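# Report on the structure
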Amino acid sequence: MGKVAVVYWSGTGNTEAMAELVAEGARDAGAEVEVIACADFSSGDLDAYDAFAFGCPAMGSEELESDEFEPMWDDVESALPGRKVVLFGSYDWADGEWMDLWRERAEAAGVTVADSVIAKDYPDDDASAACRALGAALA
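Presented here is a report on the structure given in the accompanying data block. Values in this document were obtained by computation on a predicted structure and should not be read as measured data.

## Structural notes on the packing of aromatic side chains
For the structure on display, the rule yields 10 aromatic pairs. On the numbers, 6.2 Å between centres and 70° between planes, the contact of Phe41 with Phe54 is edge-to-face. Within this pair, whereas Phe41 is found in the loop between strand S2 (32–37) and strand S3 (51–55), its partner Phe54 is found in strand S3, the two being separated by 13 residues in sequence. Taking relative accessible area as the criterion, Phe41 reaches 5% and is therefore assigned buried. Accessibility expressed as a relative area gives 0% for Phe54, which makes it buried. Between the aromatic rings of Trp73 and Trp102, the centroid separation amounts to 5.5 Å while the plane-to-plane angle is 80°, which identifies the pairing as edge-to-face. Here Trp73 is found in helix H2 (residues 69–77), whereas its partner Trp102 is found in helix H3 (residues 97–108), with 29 residues between them in sequence. Given the relative accessible area of 0%, Trp73 is considered buried.

See the structure below:
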């Protein structure tokens with residue numbers, strides 16, 4: 001098994017809970033996992049990992065968090081093609097369109113997004129199971 005980075009930003013704790021669930025699923029599948037706040041991650045860290053889970057909630061009008069997460073994403077995005085990547089995050093309003101937009105943006109940059117999971121607010125039982133499965137698939 002490889003080494004997985006679960007990189008996230010969370011304002012309310014919902015996406016942080018999802019990050020821990022993704023990590024749990026990857027660990028249970030045998031991977032070595034590090035859960036990392038996005039402020040502590042950059043493109044210089046990519047080669048230390050075999051796979052990546054990036055988590056960010058919907059902000060503003062269905063967009064990525066702009067102060068910490070998006071600058072980190074801008075830094076790593078061009079180096080992600082050819083690497084195993086999944087996306088996750090929570091939302092509170094609308095329908096989760098930000099995840100579709102984020103995935104489209106990543107794929108336009110050449111990133112192959114293996115899968116994604118969204119949760120309305122704090123992850124319920126279904127979203128929790130989906131997060132664990134996402135981590136297991138990443139491992």
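And the narrative resumes.
## Regarding the nonpolar core
In terms of nonpolar packing, the biggest core is built from 27 residues, with Phe41, Phe54, Phe69, Trp73, Leu80 and Trp102 touching the most fellow members. Put simply, the parts of the chain that give this core at least two residues each are strand S1 (3–8), S3, H2, strand S4 (84–91) and H3. If we skip the residues at most four places from it in the chain, Phe41 touches Ala5, Val7, Ile36, Leu46, Tyr49, Phe52, Phe54, Met72 and Val76. Formed by 21 residues, the second largest nonpolar core is a distinct cluster that contains Val4, Ala23, Ala26 and Val33.

## Observations concerning the pattern of salt bridges
Tallied over the entire structure, the rule returns 10 salt bridges. In this structure, Glu70 and Arg105 form a salt bridge, with 2.9 Å as the shortest nitrogen-oxygen distance. Of the two residues, Glu70 is situated in helix H2 and Arg105 in helix H3; the sequence distance between them amounts to 35 residues. As a salt-bridge pair, Lys120 and Asp92 come within 3.6 Å of each other at their nearest N and O atoms. With Lys120 in strand S5 (residues 113–120) and Asp92 in the loop between S4 and H3, this residue pair connects regions lying 28 residues apart in the sequence. What makes Lys120 partly exposed here is its relative accessible area of 43%. Judged by its relative accessible area of 41%, Asp92 falls in the partly exposed class. Where salt bridges share partners, they join Glu70, Asp74, Glu77 and Arg105 into one cluster.

## Description of the sheet that holds S4
Here 5 strands make up an open sheet; going across it, the order is S2-S1-S3-S4-S5 and the pairing parallel. Edge positions in the sheet fall to S2 and S5, since each has one partner strand and no second. On average, adjacent strands in this sheet sit at an angle of 15° to one another, irrespective of strand direction. Pairing geometry for S1 and S3, over 5 bridges, is parallel. Bridging across to S3, Val4 finds its partner in Ala51. Sheet strands in contact with H3 are S3, S4 and S5, and its direction is about 160° off that of S5.

Definitions and cut-offs
Residues numbered from 1 in each chain as written. Predicted model: local features only at pLDDT ≥ 70, side-chain atom pairs only at ≥ 80, totals over all residues. Heavy atoms only, no water. Phe/Tyr/Trp six-rings, centres within 6.5 Å; stacked < 30°, edge-to-face > 60°. Helix = DSSP H or I, 4+ residues; strand = E, 2+ residues; numbered from the N terminus. Buried < 20%, exposed > 50% of the residue type's maximum accessible area, 1.4 Å probe, protein only. Core = buried A, V, L, I, M, F, W, Y, C linked by side-chain atoms within 4.5 Å. Contact = heavy atoms within 4.5 Å. Salt bridge = Lys/Arg side-chain N within 4 Å of Asp/Glu carboxyl O. Pairing = 2+ DSSP bridges. Axes fitted to C-alpha atoms, helices over the stretch in contact; angles between N-to-C directions.

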